[in-house]
Amino acid sequence: MAIITLTTDFGEKDYFAGATRGAIYSELSDVTIVDISHSISPFNIPEAAYIIQNAYSSFPKGTIHIIGIDSEINPENKHIAIKLDDHYFICANNGIMSMICSEIAPEKIVEINIHDKISTNFPVLDVFVKVACHIARGGTLDVIGKSIPEIKPIKNIVPYVNDDKTQIMGSVIYIDNYGNVITNIKRNFFENIQKGRAYEIAARNYKFNKINQKYSDIVNFDIPENKRNDEGKRLVLFNSGNFLEIAIYKSNNETVGSAASLLGLGLMDTVSVKFIPDPINSDATELPHNIHKISDYE
Amino acid sequence: MAIITLTTDFGEKDYFAGATRGAIYSELSDVTIVDISHSISPFNIPEAAYIIQNAYSSFPKGTIHIIGIDSEINPENKHIAIKLDDHYFICANNGIMSMICSEIAPEKIVEINIHDKISTNFPVLDVFVKVACHIARGGTLDVIGKSIPEIKPIKNIVPYVNDDKTQIMGSVIYIDNYGNVITNIKRNFFENIQKGRAYEIAARNYKFNKINQKYSDIVNFDIPENKRNDEGKRLVLFNSGNFLEIAIYKSNNETVGSAASLLGLGLMDTVSVKFIPDPINSDATELPHNIHKISDYE
Amino acid sequence: MAIITLTTDFGEKDYFAGATRGAIYSELSDVTIVDISHSISPFNIPEAAYIIQNAYSSFPKGTIHIIGIDSEINPENKHIAIKLDDHYFICANNGIMSMICSEIAPEKIVEINIHDKISTNFPVLDVFVKVACHIARGGTLDVIGKSIPEIKPIKNIVPYVNDDKTQIMGSVIYIDNYGNVITNIKRNFFENIQKGRAYEIAARNYKFNKINQKYSDIVNFDIPENKRNDEGKRLVLFNSGNFLEIAIYKSNNETVGSAASLLGLGLMDTVSVKFIPDPINSDATELPHNIHKISDYE
């Protein structure tokens, strides 16, 4: 049975998501529809790119992903369908897919041309559902569009690295449900630059020189539970999507606060990483005065 | 496989929607349950009427729609089941169905009488689910209730028109996820009164004399993208449900603002349309001084 | 077809719930996934306990419930699977199941030991889904863990009763979508202490000496509808989960207000019940001056 997922900025209240599900069932009785998210911020393409990138690969090969963000067709915003990593993606050519495509080359990209002459202001329902059901029935991309060589990119997907590779300048791309702050610095990217060096991660006035494996790594379980005070402590880790994340232990905006609220971090804010020359293997005879060794901290 | 949809004011957090889904699966193992919305404002009947009207017809014929808003039974609030347009609707007789029924005559309406003597404060679970599963198994409405001739109406579903048909007085019935303002003026209603005349749509201090086909119609694509400033522009169109909508291009309350926030429009506010006599074909020798021709605007 | 439910604090926006659904479909093509709630407050164990207790029993026997709240494994927070009332529950051993287990004895509890050496910060995806699919395929609990005799309790699940059983001291454990205030006083508990006596329920400065059967019991239907003023009236009833609830008729925080907003009640606030000695059958010759008879109120 085909699986079709939905990722949109429709919200939880409006009829848009419900009508979309209904339209799919009207075309295909034997299909599984799965919501990834309908709560993307309106027209927020980087947010949608982050969500779909981290959700899609958990699904079986062959899954069809409808992404309904900023999908009204116009001369600068065409509809596309992409086959990549044995998954199918249907969306507007507005940059949503550029985060995934920066890591995995698409097998095929087509610009959809099944639109009739009547313009629509509900393209997810009127176009994307038809394309998704066509693919679900085993149809090929060639039937619904013409091949194009590449998709529209979005900016700031990849962090900046300076020439001598001593610093990464990343930025905040997402704040999650717990208020954790997600940067665009991925584990592979970080480790390729790091090459084993010590580091200092800076976000606003806060500095970190350890990346934890998991949230509770900051807890000292040797201290009795009622004498500990770990909730609300800040830490850094790579999240389950392998993005560098600044977090608060048991983060909750309503209670102990969150990285977003406590550290004052918002979307697009800078998070930087400075790499510290290894004093033995490098030419550097001393550390800059404002860079501390790990032993200074812990 | 039968499809049962859910439209309620249960919210996303409580156990009510989950328990309702569980109760359906306990009665029927082979059924598709589809959420239309659980985020209707509590007890807001016009909102529910708007959502279900715009969602239901995308579903296949034979779909069974449970609407759980203000559904506690009492002497003035009976439970009904309706067959209309080859869909089934189960709800309280509190006006929710009057928006749909004003356009399409119901085939059959029954007042449900399967209630046992024990009163319930979870009628969706205890009554609506049983009725829905009865219909899903192929049961008739006659078995679960007695026919009644008509349903309870709600007010202000249809806009007001003055006697000489020069003006429509509508009102705001819904604010969508983007902050777009939806009026009760439908395309057919508008065009039947308009008869080709020019018009001026007024909402608070703002006037419009063009209805766009889609949101991006207001963008001038001849100007380079980085020199345009279209986000945040206001426009009017008929939305995908054919309701007259006052919108903001790429509307987002958190960023560029929305029609609701920028124009100060809320539920029940008035939106009026004045029709302008055609100077050639009518007796009017001149336009009223406060009515502008389209050419004055654009 | 197996049913797997999801109850988490993932929120509606993030990729976590979508990825979890995808991972289940990747393991099992023939499964029904049902969301109970993803909007539990972050790390709020009592809230999750309340939601799952009230939702689970509507599902068919054999249903598998994944509860993803505070589920990161650490020396004090192990993963468990429980068979209880012919349902399966998979969660962290953090007290979530203690509300259900206080009423129904578990058939079997195992501490999950399928974890490989790599630590994960997405245990719902990496551990709970695997366990759930193992059970869905007919696997036993013995294969995925070792039996343990009991689970970790949480405090304040059960209200306090004084020695002479004249008073119950309960507390607010949940505020629902309508703003109704739910206490930890259950119907059976109440009636076992009450033994037919009159009572006075006190919450802040408000007192109640009647428990209604349903919300609209407070409406006098003999008065014409347009002369009534019932919306916003306060009342007490046992809700559909049999918890004592302080409610507002047609409660809505945005319009008439709610019990939470109007009475100023929040989580953990005290709600007490005083039982009034029966003047005929008891030694008490008169009521305390501050206790009114039911006839004084109504």
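Considerations on the interface of chain C and chain A
Next up, step 1: Counting from both sides, the interface comprises 29 residues of chain C and, opposite them, 38 residues of chain A.
Next up, step 2: Around 2,900 Å² of area is buried between chain C and chain A when both sides are counted, 51% of it from carbon and sulfur atoms.
Next up, step 3: Summed over the three residues of chain C that lose the most area to chain A, namely C:Lys13, C:Tyr15 and C:Asn121, the buried surface amounts to 26% of that side.
Next up, step 4: Along the contact surface separating chain C from chain A lie three salt bridges.
Next up, step 5: C:Glu76 serves as the salt-bridge partner of A:Arg228, at 2.6 Å between the closest nitrogen and oxygen.
Next up, step 6: Summed over the shared surface of chain C and chain A, the number is 23 residue pairs in polar contact (both at pLDDT 80 or more).
Next up, step 7: Per-element accounting of the side of chain C that touches chain A gives the leading share, eight residues, to helix 1 (residues 16-27) of chain C.
Next up, step 8: Grouping the constituent residues of the side of chain C that touches chain A by class yields 12 nonpolar, eight polar and nine charged.

Some points on the relation of the copies chain A and chain B
Next up, step 1: Superposing chain A onto chain B takes a rotation of 120 degrees plus a shift of 0.0 Å along the axis, which leaves an RMSD of 0.1 Å. Both chain copies can therefore be described as sitting about a three-fold axis. Considering only C-alpha atoms, the part of chain A nearest the rotation axis is A:Glu12, at 4.8 Å.
Next up, step 2: Take the interface residues of chain A: only 3% of them recur as interface residues in chain B, which is what a contact between different surfaces looks like.

Considerations on the interface of chain A and chain B
A common way to express how large an interface is: the accessible area buried when the components associate.
Next up, step 1: If you look at the interface, chain A gives 29 residues, while chain B gives 38 residues.
Next up, step 2: Counting the surface lost from both chain A and chain B, the interface buries some 2,900 Å², and carbon and sulfur atoms represent 51% of this.
Next up, step 3: Contact with chain B buries area across many residues of chain A, yet A:Lys13, A:Tyr15 and A:Asn121 alone supply 25% of it, more than any other trio.
Next up, step 4: At the junction of chain A with chain B, the criterion picks out three salt bridges.
Next up, step 5: Here B:Glu47 ties to A:Lys13 by a salt bridge, and the two come within 3.1 Å at their closest N and O atoms.
Next up, step 6: Between chain A and chain B we count 23 residue pairs in polar contact (both at pLDDT 80 or more) in total.

Brief notes about the packing of helix 1 (residues 16-27) of chain B against helix 4 (residues 123-136) of chain B
Residue and element names in this part refer to chain B.
Next up, step 1: For the pair helix 1 and helix 4, interaxial distance at closest approach is 10 Å and the crossing angle is 40 degrees. As the angle between them shows, helix 1 and helix 4 are arranged oblique. Note on packing geometry: the crossing formed by helix 1 with helix 4 is right-handed. Between helix 1 and helix 4, the contacting residues are Ala19, Thr20, Ala23, Ile24 and Glu27 on the first element and Val124, Leu125, Val129, Lys130 and Cys133 on the second.

Observations regarding the domain arrangement of chain A
Residues and elements named next belong to chain A.
Next up, step 1: If you check the domain split of chain A, you get domain 1 (2-147) and domain 2 (160-297).
Next up, step 2: Averaged C-alpha coordinates put domain 1 and domain 2 at centres separated by 34 Å.
Next up, step 3: Each partner contributes residues to the interface: domain 1 has eight residues there, and domain 2 has eight residues.
Next up, step 4: Three residues stand out in domain 1 for area buried against domain 2, namely Glu47, Tyr50 and Asn54, and they jointly supply 62% of the buried area on that side.
Next up, step 5: Taken together, the links from domain 1 to domain 2 amount to one salt bridge.
Next up, step 6: Between lysine 186 and glutamate 103 there is a salt bridge, with its nearest N and O atoms 3.1 Å apart.

Overview of the confidence of the model for chain A
All names here are of chain A.
Next up, step 1: Overall, the predicted model of chain A reaches an average pLDDT of 90, with 92% of residues at or above 70.
Next up, step 2: Under a pLDDT of 50 for its full length, residues 282-298 has, in the predicted model, 21 contacts with residues more than four places off or in other chains.
Next up, step 3: Prediction confidence for the complex, expressed as pTM and ipTM, is 0.91 and 0.90 respectively.

A closer look at the pattern of salt bridges
Working definition: two side chains of opposite charge can pair if their charged atoms are close together.
Next up, step 1: By the definition in use, this model includes 36 salt bridges over all chains.
Next up, step 2: Three or more residues joined by partner-sharing salt bridges are found here, namely A:Glu76, B:Arg228, B:Asp230 and B:Lys233.

With respect to helix 2 (residues 45-56) of chain B
Residue and element names in this part refer to chain B.
Next up, step 1: End to end, helix 2 covers 16 Å across 12 residues, agreeing with the expected 16 Å (1.5 Å per residue, within 8%).
Next up, step 2: The buried count for helix 2 comes to 11 of 12 residues, which makes it a mostly enclosed element.
Next up, step 3: Looking only at helix 2, the buried set comprises Ile45, Glu47, Ala48, Ala49, Tyr50, Ile51, Ile52, Gln53, Asn54, Ala55 and Tyr56.
Next up, step 4: In this structure asparagine 44 caps helix 2, since a side-chain oxygen of it lies 3.0 Å from the backbone nitrogen of glutamate 47.

Observations concerning the sheet that holds strand 4 (residues 79-84) of chain B
Residues and elements named next belong to chain B.
Next up, step 1: An order of 2-1-3-5-4-6-7 is seen for the seven strands of this open sheet, with the pairing classed as mixed. Pairing within the sheet leaves two strands with one partner each, and these edge strands are strand 2 (31-37) and strand 7 (145-147). Shown here is a sheet whose adjacent strand axes are inclined to one another by a mean of 25 degrees, direction ignored.
Next up, step 2: Bridge analysis of strand 1 (residues 2-8) against strand 3 (residues 64-68) gives five bridges, and the strand direction is parallel. Across the sheet, the residue bridging to threonine 8 is glycine 68, located in strand 3.
Next up, step 3: Contacts from helix 4 reach strand 1, strand 3, strand 4, strand 5 (87-92) and strand 6 (108-112) within the one sheet, and its direction differs from that of strand 3 by about 170 degrees.

Observations concerning the environment of C:Asp14
Next up, step 1: Of note, C:Asp14 is situated in the loop between strand 1 (2-8) and helix 1.
Next up, step 2: Once residues within four sequence positions are removed from consideration, C:Asp14 is found in contact with A:Ile36, A:Ile51, A:Tyr174, A:Asp176 and A:Asn177.
Next up, step 3: A polar contact of 2.5 Å, which involves the side chain of C:Asp14, links it to the side chain of A:Tyr174.
Next up, step 4: Among the polar contacts listed, one links the side chain of C:Asp14 to the backbone nitrogen of A:Asn177, at a separation of 2.7 Å.

Notes on the pairing of strand 9 (residues 167-175) of chain A
All names here are of chain A.
Next up, step 1: Across two bridges, strand 8 (residues 160-161) lies against strand 9 in antiparallel orientation. By the bridge assignment for strand 9, tyrosine 160 is matched with methionine 169.
Next up, step 2: Strand direction decides the pairing type here: strand 9 and strand 15 (residues 270-276), joined by five bridges, are antiparallel. The residue of strand 15 that forms the bridge with glycine 170 is valine 271.
Next up, step 3: When strand 9 meets strand 10 (residues 181-186), the two strands line up antiparallel, connected through three bridges. Within the sheet, the bridge partner assigned to tyrosine 174 lies in strand 10 and is isoleucine 182.
Next up, step 4: In this antiparallel pair of consecutive strands, strand 9 and strand 10, the connection spans five residues, and glycine 179 shows a positive phi of 85 degrees.

About the criteria used
- Residues numbered from 1 in each chain as written.
- Chains lettered and ligands numbered in written order.
- Predicted model: local features only at pLDDT ≥ 70, side-chain atom pairs only at ≥ 80, totals over all residues.
- Heavy atoms only, no water.
- Contact = heavy atoms within 4.5 Å.
- Buried area = accessible area lost by both parts, 1.4 Å probe.
- Salt bridge = Lys/Arg side-chain N within 4 Å of Asp/Glu carboxyl O.
- Polar contact = N/O pair within 3.5 Å; in protein donor to acceptor, adjacent residues only side chain to side chain.
- Helix = DSSP H or I, 4+ residues; strand = E, 2+ residues; numbered from the N terminus.
- Nonpolar A, V, L, I, M, F, W, Y, C, P; charged D, E, K, R; others polar.
- Least-squares fit on C-alpha atoms with pLDDT ≥ 70 in both.
- Axes fitted to C-alpha atoms, helices over the stretch in contact; angles between N-to-C directions.
- Parallel < 35°, antiparallel > 145°, perpendicular 65-115°, else oblique.
- Left-handed = near helix turned anticlockwise from the far one by under 90°.
- Domains from an automatic or database assignment.
- pLDDT = per-residue confidence, 0-100.
- Expected span 1.5 Å × (residues − 1).
- Buried < 20%, exposed > 50% of the residue type's maximum accessible area, 1.4 Å probe, protein only.
- Pairing = 2+ DSSP bridges.

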